[in-house]
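Listed below are the residues making up each chain.
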Amino acid sequence: MAKELWEGNAAIAEAAIRAGLEAFYGYPITPQTEVLEHLSHRMIELGRVFLQAESEVASINMVYGAACTGVRVMTSSSSPGISLMQEGLSYIACSEVPAVVCNIMRGGPGLGNVQPAQGDYFQAVKSAGHGDYHMIVLAPSNVQEAIDLMVLAFDLADKYRTIAMLVADGAIGQMMEPAEMPPLRPLRKPEERGEWALTGARGREPNTITSLYLGAENLEVVNLRLQEKLRQIEANEVRWKEYDTEDAELLLVAFGTVGRICQTAVREARAKGVKVGLLRPVTLWPFPSARLAELAGQVQGMLVVEMNAGQMLQDVRLAVEGRCPIEFYGRMGGVIPLPDDILPELHKLEAAVGAG
Amino acid sequence: MATIDIPADMELVYQRPESLTPAHTHYCPGCTHGIIHRLIAEVLDELGLRERTIGIAPVGCSVLAYYYFNFDMAEAAHGRAPAMATGMKRTNPDKVVFTYQGDGDLAAIGTAEIVHSANRGELFTTIFVNNAIYGMTGGQMAPTTLPGQVSTSCPSGRDVELAGFPMHMAELLGGLPGTAYVTRQAVFDVRGIRRTKKALTTAFRAQLAGLGFTMVEVLSTCNTNWHMSVLGALEWAKDKMVGYYPLGDTKVSDAVRAMLEEK
Amino acid sequence: MAKGMVIIDEDRCKGCGLCVSVCPVNILRLAEGRFNAKGYPPVEVSDPEKCTGCASCAIICPDVVFTVYRRKRQPQPATAAA
Ligand SMILES: Cc1ncc(C[n+]2csc(CCOP(=O)(O)OP(=O)(O)O)c2C)c(N)n1
Ligand code: SF4
Ligand code: SF4
C-alpha cells in the first residue's frame, strides 16, 4: 500500500481498525480526542462497536467486559484519564485478559495542560495500579512507528493475555506525516476466541474470569504465574533503536518525541566531531536494560533526555549500575527540548568525562 | 445421601436448578442472597438460557457468586459491573448478560455506571440486592440505610442531616428514558419470592426481546449485620424497609407491556 | 397417604429456620441435639404423612436443601370443577 499523509491520532485509530479492533470504548480528552473521533465514524461504518462512555472509569471497565469475551478491544485517553483507569487496569492484569490502551500523554500533574509531555512514564511503566504487574509499554517516535506499534500492541496483548499500552504525546498525535497503513485484517470469528473466554457455557464447563483469590497461598501462586509471564515478556519482547552507536563515546537515551529530536541532536553533534550515539527504547516495559548495560562498558557517559523530571532516568541508572556517569536533561509542563537545548548539555557531559 | 425410593405416582415439583452448581454457599444462615441466586437460576433454566448467559458478580457478599452459578461469570471491580456488562453485551448481542449488585456496589461507588447504563438503555439485566447495609465489610452505612437505622459507621442511627437520605434506585432508574422494565420486589415471604421470580422472568424476557435496560431491585435482609435473628430480620424488613421502599414496578415501557399481554 | 414428599440434603442446611416458619402444615423442625457436617442443627420432617408437596420450604430455602415431590393428580371425574 502506498504512503499517504496521516495525522498521528487518526493514524493510530485507523491502525487499530486494520489490526482487527472489534470494539472501542472511550471518553474525550485532549490531545487524544481525534482517536475517538476517527473511530466514532469508522467503527460504525464497518459495523463494529463504538461507544462514548460516561468516564474513563467506565471505559476501562467496558474494555474489561468485552475483553472477557475474547474480542479485540481498546480504549484511548490522555494522562488524567489514564490515572482514572488504574483500578481497571489492575483488575485486567490480574484476570489475564488481553486489552489495548492508547495514552496520548499531556502535561501534569493535576489538570496540567494539553501540551506534549512524558510525565506518564512512571504511571505506564511502573503501573500505578495496585499490586505487582506490568503492562507492555510501546513508545513510537513518529507516525509510521505509531501505526506499526498499534498493530503490534494487539498481537502482544493477545499472545500474552496482558495489557499493551501505546504511549505517545500530543506532538506525535497531532503531527502530519506520510505513512503506510497495513491492510485491513479480517475480524476474528467468534469460534476463534480463546477457550478461556466467556462465550456461554454451551457443551462445556463454565468459564470464570476473576481477580479474587482468597487465601494468601492461592494469591501467591497467581502472582508467581504472573511474574513468570512477565519474565517471558522480558526475554522475548524488548525492542529499541540505535543510531550511530558503533563508535560512540557518548550516548543519548531518549524515547518517543524526544528520541526523535535526539536523532537531530546526534547529527548536529557528529557534524561538530562529537562521537555521540543514541539509544531509543521502543518498549519502555520491558526496558532495554541489557543493551544499555553493554553500552555502558563502551561509552564514557550517557545523557538521558525526557519531557519530565527524570522518570526513565531511574531505569537507565538501574541498567547501568554505575558503570558510567549519567547526566539528565529534562523539560516539563509541555516544553519540548530542542537540539539547541540538548547540544550544550552534551558538551557539558563531554567536558566532564573527558571524551573526544 | 442415602438413596430414597420415590413412589411411582409422585412427580418431581422442585429440585436444584441446572443453573446452580452443587457448591454450598458461604452466605450466613438465612441470608436472602441464596434465595435470589436460586430465583435467577430457575428463571434462566425455564427460559432455556443457561448456555447463553454471562453473569457478573459484584464486590460485596456475593463476590463469589461465580462458584454458585453454573454458567460463564466474571467478577467486576466494586461498582463497575454495569460498565463491564455494557462492554460484554455490545460485543455479544446474542448473549444474555446480567449484573448482580449490592446497594453499596450499585448505589454508592457505582452510581455513575448504573445510571448511564440504564439511561443508554443497555440491553442487560441488573439484579440489585438492597439489604440497606454493607454486608461484606461488616455492617457499615449503605446509601440505602434507613434514617435512624444503626450501623457500625452510624452507631447512633443514620442522621440524614449528616449522611443525606437513602437512595431510591428503582424510582431513579425507572424515571430514565432508556429503561424498559424497573421494579422493586422483596423476598421476605413465599408470595414475595414468587413475585420476584415473575419480575426476573419479565426482565430477562425483555432483555431477550431487546426492549431496553431492565432492573429488578430486591429488598433483602442481612440478619448478621442488622444484629437480628433470621426471622426477626424478616419482620423488621417487612415492617420498616417496605414502608420506606414501596414495592412494585417503577417502569413498564409500552413495549414490555405489549410483550406481557401477548403471552 | 401423603400427598407430597420432601428429600432433605442435610449437609446443605444452615439451620436458619426459614422453611420451618413457612411450612403451612407445620411439619418441619430443626433437629435437637444433632448437628450436620457444617455444625448446624438440620431441618427434619416431623410428620411426613402430612406433607402436601406445596414446596413452600423449597421456595424460601436459601440453600437449596429440598427436593420436592407431589402425588400426580388423579384423573378427575367429569363433574369435578377443574
Ligand atoms: C474500590 C473499593 N472500595 C471499597 C471496597 C471495600 N468493600 C468491599 S464490599 C463493600 C460494600 C459492599 O456492600 P454491598 O454492595 O451493599 O453488598 P453486600 O455485601 O451488602 O451484599 C466495600 C465497601 C472495595 N472492595 N473496593
Ligand atoms: S453478612 Fe449479611 S448479606 Fe452478607 S452473607 Fe451474611 S447475612 Fe448475607
Ligand atoms: S430454610 Fe433451608 S437452610 Fe434454612 S433451615 Fe430450612 S432447610 Fe435449612
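Report follows, based on the coordinates. (Residues numbered from 1 in each chain as written. Chains lettered and ligands numbered in written order. Predicted model: local features only at pLDDT ≥ 70, side-chain atom pairs only at ≥ 80, totals over all residues. Heavy atoms only, no water.)

1. Remarks on the pairing of strand S11 (residues 250-253) of chain A
Residue and element names in this part refer to chain A.
Turning to step 1, where the next piece is worked out: In S11, alternate side chains face the same way, and those of Leu-250 and Leu-252 on one face and Leu-251 and Val-253 on the other are all buried.
Turning to step 2, where the next piece is worked out: Strand direction decides the pairing type here: S11 and strand S12 (residues 276-281), joined by four bridges, are parallel. Bridge pairing in S12 places Leu-252 opposite Leu-278.
Turning to step 3, where the next piece is worked out: In this fold, the crossover linking S11 to S12 by way of helix H9 (residues 256-271) has right-handed handedness.
Turning to step 4, where the next piece is worked out: Summarising the sheet, S11 and strand S14 (residues 301-306) pair through four bridges and their orientation is parallel. Across the sheet, residue Leu-252 finds its bridge partner in S14, namely Leu-303. (Buried < 20%, exposed > 50% of the residue type's maximum accessible area, 1.4 Å probe, protein only. Helix = DSSP H or I, 4+ residues; strand = E, 2+ residues; numbered from the N terminus. Pairing = 2+ DSSP bridges. Right-handed = clockwise from strand over helix to strand, strands pointing away.)

2. With respect to the packing of helix H1 (residues 8-18) of chain A against helix H2 (residues 33-45) of chain A
Residue and element names in this part refer to chain A.
Turning to step 1, where the next piece is worked out: The contact between H1 and H2 brings their axes to 7 Å, and the two run at 40°. The orientation of H1 with respect to H2, classified from their angle, is oblique. Considering how the two elements wind past one another, H1 and H2 form a crossing that is right-handed. From H1, Asn-9, Ala-10, Ala-13, Glu-14, Ile-17 and Arg-18 reach across to H2, where they touch Glu-34, Val-35, His-38, Leu-39, Arg-42 and Met-43.
Turning to step 2, where the next piece is worked out: Considering only residue class, the contact of H1 with H2 consists of six nonpolar, two polar and four charged. (Axes fitted to C-alpha atoms, helices over the stretch in contact; angles between N-to-C directions. Parallel < 35°, antiparallel > 145°, perpendicular 65-115°, else oblique. Left-handed = near helix turned anticlockwise from the far one by under 90°. Contact = heavy atoms within 4.5 Å. Nonpolar A, V, L, I, M, F, W, Y, C, P; charged D, E, K, R; others polar.)

3. Thoughts on the interface of chain A and chain B
Turning to step 1, where the next piece is worked out: Facing the 33 residues of chain A at the interface are 33 residues of chain B.
Turning to step 2, where the next piece is worked out: When chain A packs against chain B, close to 2,600 Å² is buried across both sides, 58% of that on carbon and sulfur atoms.
Turning to step 3, where the next piece is worked out: Across the contact surface, chain A and chain B share three salt bridges.
Turning to step 4, where the next piece is worked out: The shortest N-O distance in the salt bridge between Glu-54 of chain A and Arg-120 of chain B comes to 2.8 Å.
Turning to step 5, where the next piece is worked out: For the pair chain A and chain B, the number of links is 15 residue pairs in polar contact (both at pLDDT 80 or more).
Turning to step 6, where the next piece is worked out: For the side of chain A that touches chain B, the elements supplying multiple residues, two or more each, are strand S2 (23-26), strand S3 (49-52), helix H3 (56-68), helix H4 (79-95) and strand S9 (208-209) of chain A.
Turning to step 7, where the next piece is worked out: No other element matches the eight residues that H3 of chain A contributes to the side of chain A that touches chain B.
Turning to step 8, where the next piece is worked out: Within the side of chain A that touches chain B, the residues separate by chemical class into 19 nonpolar, nine polar and five charged.
Turning to step 9, where the next piece is worked out: One ladder, built from two bridges, connects S9 of chain A with strand S3 (residues 72-75) of chain B; its direction is parallel. Among the inter-strand pairings, Thr-208 of chain A is bridged to a residue of S3 of chain B, identified as Met-73 of chain B. (Buried area = accessible area lost by both parts, 1.4 Å probe. Salt bridge = Lys/Arg side-chain N within 4 Å of Asp/Glu carboxyl O. Polar contact = N/O pair within 3.5 Å; in protein donor to acceptor, adjacent residues only side chain to side chain.)

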